[in-house]
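Coordinates in review
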Amino acid sequence: MNNINLNKKSFILILLKIFSILYVIPLCLIIGSLGGALYGYAYSIILVLTVFSTTGISFASSKLITKYNNDLKILNISKYIMYVINLIVFLILLIFSNNLANYIVGDLYLVKVEDMDFVIKASAFYILFTTPISIYKGYVEDKELNQSLSLADILEGIIKAVLITLSTLIGLKVFNLELKYLILLILTSSFIASLISSIYLKVVIVKFNKKRIIKSKIKVDKKLINLIINYSVPFILLDLFNSISTGYDSLYLVKVLVNNFKYNIYDAYEVFGILSFYARYLNELILVFISGIIAYVITNKRYKTNEQKINKSLQLVLFIGLPIIVIISILSGNIWNVFYGKSEFGSVAFGYYIFLVFFYVLFLICSKNLIELKEYKFLYIIMFIGLLINISLKMPLLEGLNKMGLPAYYGSITSIILGYFIPVLISLIFFNLKYKINYENTIKVILDIIMAILVLAIVLVLLKIIIPINSTNRFINLIILIVEFIIGMIVYFFVSIKNGVIYKILDNIGGK
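Residues numbered from 1 in each chain as written. Predicted model: local features only at pLDDT ≥ 70, side-chain atom pairs only at ≥ 80, totals over all residues. Heavy atoms only, no water.

**Describing the overall build of the protein chain**
To be explicit about the condition: Going along the chain from the N terminus, every DSSP run of H or I of four or more residues is numbered as a helix, and every run of E of two or more is numbered as a strand. Between buried and exposed lies partly exposed: a residue is buried under 20% and exposed over 50% of the maximum accessible area for its type, with that area taken using a 1.4 Å probe on protein chains only. Two residues qualify as a contact provided that any one of their heavy atoms is within 4.5 Å of a heavy atom in the partner residue. Accessible surface is estimated by sampling points in the Shrake-Rupley manner with a 1.4 Å probe; for residues, cover comes only from the protein chains shown.
In terms of regular secondary structure, the protein chain is built from 20 helices and zero strands. Put simply, the protein chain has 512 residues, and 53% of those count as buried. The long-range fraction of contacts in the protein chain, counting pairs at least 24 apart against all pairs at least 6 apart in sequence, stands at 82%. Here the protein chain displays about 24400 Å² of accessible surface, and carbon together with sulfur accounts for 67% of that area.

**Re the pattern of salt bridges**
How we decide: Here a salt bridge means any side-chain nitrogen of Lys or Arg lying within 4 Å of a carboxyl oxygen belonging to Asp or Glu.
Throughout the structure, instances matching the rule amount to six salt bridges. One salt bridge connects D249 with K394, and the closest N-O pair in it is separated by 2.8 Å. Here D249, found in the loop between α8 (222-247) and α9 (253-259), pairs with K394, found in helix α16 (residues 394-403); they are 145 residues apart in sequence, far enough to count as distant. You'll find D249 and K394 in the same group, each marked buried. The closest approach of N and O atoms between D448 and K504, which form a salt bridge, is 3.2 Å. Placement of D448 in helix α18 (residues 440-466) and of K504 in helix α20 (residues 501-505) is noted, with a sequence separation of 56 residues between them.

**Details of the side chain of N242**
Summarising the element assignment, N242 is placed in helix α8. Excluding anything up to four places from it in sequence, N242 contacts Y360 and Y420.

**Some details on the packing of aromatic side chains**
Convention followed: Note on ring pairs: Phe, Tyr and Trp rings are taken, using the six-membered ring of Trp, and paired if centres are within 6.5 Å. Classes follow the plane angle, with under 30 degrees stacked, over 60 edge-to-face and the rest tilted. Lysine NZ or arginine CZ positioned within 6 Å of the ring centre and within 35 degrees of the ring normal marks a charge as sitting over the ring.
Taken as a whole and assessed by the stated rule, the structure comprises 24 aromatic pairs. Where F319 meets F493, the ring centres are 5.8 Å apart and the plane angle is 70 degrees; that geometry is what we call edge-to-face. Placement of the pair is F319 in helix α11 (residues 306-330) and F493 in helix α19 (residues 474-498), with a sequence separation of 174 residues. Ring pairing ties together the aromatic residues Y263, F345, Y352, Y409 and Y410, which thus form one cluster. Above the face of the F118 ring, K180 is positioned so that its terminal group lies 5.4 Å from the ring centre. The ring of Y103 carries K255 above its face, with NZ or CZ at 4.2 Å from the centroid.

**Focus: the packing of α8 against helix α14 (residues 355-372)**
Let me state the cut-off plainly: Note on method: axes are straight lines fitted to C-alpha atoms, helices fitted across the in-contact stretch only, with angles between N-to-C directions ranging 0 to 180 degrees. Roughly parallel means an angle under 35 degrees; roughly antiparallel, over 145; roughly perpendicular, 65 to 115; everything else is oblique. Handedness of a crossing follows from how the near helix is turned relative to the far one, being left-handed for an anticlockwise turn of less than a right angle and right-handed for a clockwise one. Side-chain classes are defined by residue name, with Ala, Val, Leu, Ile, Met, Phe, Trp, Tyr, Cys and Pro counting as nonpolar, Asp, Glu, Lys and Arg as charged, and the others, Gly among them, as polar.
Orientation of α8 relative to α14, taken along the N-to-C sense of each, is 165 degrees, at an axis distance of 12 Å. On the basis of their axis angle, the class for α8 and α14 is roughly antiparallel. Handedness of the crossing formed by α8 with α14: right-handed. Only Y360, F363, S367 and I371 of α14 make contact with α8, whose side of the interface consists of F235, L238, F241 and N242. A class-by-class count of the residues in the contact of α8 with α14 yields six nonpolar, two polar and no charged.

**Concerning α19**
Rules: The span expected for a helix works out to 1.5 Å for each residue beyond the first.
Relative to the 36 Å expected for 25 residues at 1.5 Å per residue, α19 spans 36 Å between its end C-alpha atoms, a close match to the ideal helical length. Listed in full, the buried residues belonging to α19 are N477, I480, L481, E484, G488, M489, V491, Y492, V495 and S496. Looking at the buried residues of α19, the elements they touch are α11, α12 (332-340), α18 and α20. At the C-terminal side of α19, G500 shows a positive phi close to 80 degrees.

**Regarding the packing of α14 against helix α15 (residues 376-392)**
Where α14 meets α15, the closest approach of the two axes is 8 Å, and the angle between their N-to-C directions is 150 degrees. The orientation of α14 with respect to α15, classified from their angle, is roughly antiparallel. For the pair α14 and α15, the sense of crossing is left-handed. In this structure, α14 contributes F363, S367, L370 and I371 to the contact, and α15 contributes Y376, F378, L379, I382 and M383. Residues of the contact of α14 with α15, tallied by class, amount to eight nonpolar, one polar and no charged.

**Quick look at helix α4 (residues 113-129)**
In this model, α4 (17 residues) spans 25 Å end to end at C-alpha, consistent with the 24 Å of a helix rising 1.5 Å per residue. Extensive coverage of α4 is indicated by the burial of twelve of its 17 residues. Within α4, burial applies to V113, D115, M116, D117, V119, I120, A122, S123, A124, Y126, I127 and L128.

**Regarding the confidence of the model for the protein chain**
Counted only if it meets this: Every residue is assigned a pLDDT by the predictor, reflecting its confidence on a scale from 0 to 100.
Residues at a pLDDT of 70 or more form 81% of the protein chain, whose mean pLDDT is 81. Note on residues 1-9: pLDDT under 50 across the span, and one contact to partners over four residues away in sequence or across chains. Taken together, the stretch residues 508-512 has pLDDT below 50 and engages in seven contacts with residues farther than four places along the chain or on a different chain.

**Quick look at the environment of L393**
With respect to the helices, strands and loops of the structure, L393 is situated in the loop between α15 and α16. The exposure class assigned to L393 is partly exposed, which follows from its relative accessible area of 29%. Through-space distance from the C-alpha of L393 to that of L418 is 9.0 Å; in sequence the pair is 25 residues apart. Discounting residues that sit within four places of it in the chain, L393 has contacts with S415 and L418.

As C-alpha cells, then:
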C-alpha cells in the first residue's frame with residue numbers, strides 16, 4: 001500500500017512538473033519567433049557560463065557531503081566559490097557585452113546591437129543573482145529528501161510559469177514594451193521563482209539539521225576548496241560539452257543562413273528561435289520523461305555489474321526512448337501546431353531536432369559510466385573529439401544537405417548528433433576492450449526493436465491519413481494526438497510481445 005501511495009505521489013509530481021513547463025505555449029504567442037530568438041541568445045549564454053559554477057560545484061559539493069561529515073561547512077564553502085566564479089563571469093559579460101553583441105548581430109540589423117547588448121547584460125545579472133539554488137538542491141538530494149526536492153522544483157516551475165506569462169502579457173498589452181524588456185521580465189520572473197524555491201529549501205535544510213545554514217563568518221579551508229574544485233572538474237566539462245554543443249549555433253547560424261543560403265532574415269531568426277528555445281524546451285520535457293524511466297529501472301532493480309548496467313541502459317534507450325522519439329517525429333507537425341501554432345519551419349525543424357534527445361541520452365549513459373569507473377582522462381578525450389566533430393562539420397553539413405534539397409539548418413542538427421554519437425561509439429569500444437563488456441545480447445534485440453518501430457511508423461503514417469488534424473481547436477487536436485500516440489504505443493508493444501523482444505529486454509526487471 002505504501003508503494004501505491006508513493007507511486008501516486010510521484011505521478012502527481014510529474015504531472016505538476018509538466019504543467020509548470022507548458023508556459024512556453026502562451027509565451028510563444030506573446031513574444032513570437034523573434035522574441036524566441038532573442039531569448040534563445042540569453043538562454044544559450046546562461047547555459048554555457050553557469051556550468052563553471054552552478055553545475056560543477058553543486059555536483060562536487062553533493063559528492064563531498066556524502067564523503068565527509070562536516071556537510072554544512074562544505075555547503076557554505078561551495079556557495080562562496082560559486083559566488084566568486086559567477087562574479088567573474090558577471091564582470092566579463094558586463095565589460096564585453098557590446099563586443100559580443102556586435103559579433104552576434106554582425107551586419108544583420110533586424111535585432112539591434114543595443115538590444116542584444118541589453119539582453120547580454122540582463123543575462124549577466126541573472127547569472128550573478130541565481131547562484132544559490134543549485135547548492136541547496138544538491139544538499140537536499142544528498143540527504144535523500146527527494147520529496148522536498150521535487151516540491152521545490154515544482155514550486156519553482158509553477159511560479160516561473162505564472163510570473164512569466166502574466167508579466168510578459170501585461171508588459172506587451174498594457175505597456176507595449178519592446179522585446180528586450182520582455183526578455184528582462186522573463187529573466188526577472190525566473191530569478192524570483194528560483195529565490196522562492198531557494199527559501200523553501202533553506203527551511204527544509206534548517207529543519208533537517210535543527211541549526212542555521214549560513215554562518216556570518218566562514219573559516220577558509222584550502223583543503224576543502226581544492227577538493228570541491230577537483231571534484232567539480234568532470235561535471236563542469238561534461239555540462240560545458242553539452243552546452244557548447246547545442247549553444248554554439250548562437251554565434252553564427254543566423255548570419256550563415258542569410259549570407260550563405262539566402263534565407264530571409266526573418267526566416268533565419270525564426271529558425272534560430274525554434275532551435276535555441278521552443279524546440280529545445282520540448283526536447284527537455286521528453287528528456288525528463290525518457291531518462292526518468294531508464295534511471296528508475298536501473299537504480300531500483302538488481303543490475304549491479306558494469307556489464308549489466310551498460311547493456312540494460314542501452315537496451316532501454318532503444319526500447320523505450322527510440323519509439324517515443326519516432327512517434328513524436330512522425331507527429332511533429334501536429335505537435336507543433338498544438339503547442340505553438342502553424343509555422344513554416346517549426347514542425348520540419350522539430351521533427352529532426354527531436355532525435356538529439358536519443359543521442360544525448362546515449363552519451364549521458366556512457367559518460368556517467370566513465371565517471372563511475374574514474375576514467376576521467378578518457379571522458380575528456382571523447383568530449384574533445386565530439387566538440388571537434390561538431391564544430392568542424394557544421395559548414396560542410398550545412399552546404400551538403402542544402403545541395404541535397406534538405407533544409408540547410410539540418411546540417412547544424414546533424415553535426416550536433418555526430419558530436420554525441422561518435423563519442424558513444426568510441427566509449428562502447430573502450431568498454432569492450434578494457435572492461436570486457438559483451439554486447440551480444442544488446443545486438444540481438446536491435447533488429448527486433450527496429451522491426452517493431454517500422455510497423456509502428458507505418459501504422460502512424462496511415463493514422464495521419466485516416467484521422468488528419470484539421471480542426472482549429474487546439475484541445476480537439478490535442479485529444480487526437482493523444483489517441484494517435486496511444487495507438488502507436490499499443491501497436492509497438494503488441495509487436496514487441498509477438499517477437500519476444502519485450503521479454504529479452506525486461507528480464508529480471510521485477511527481480512527478487
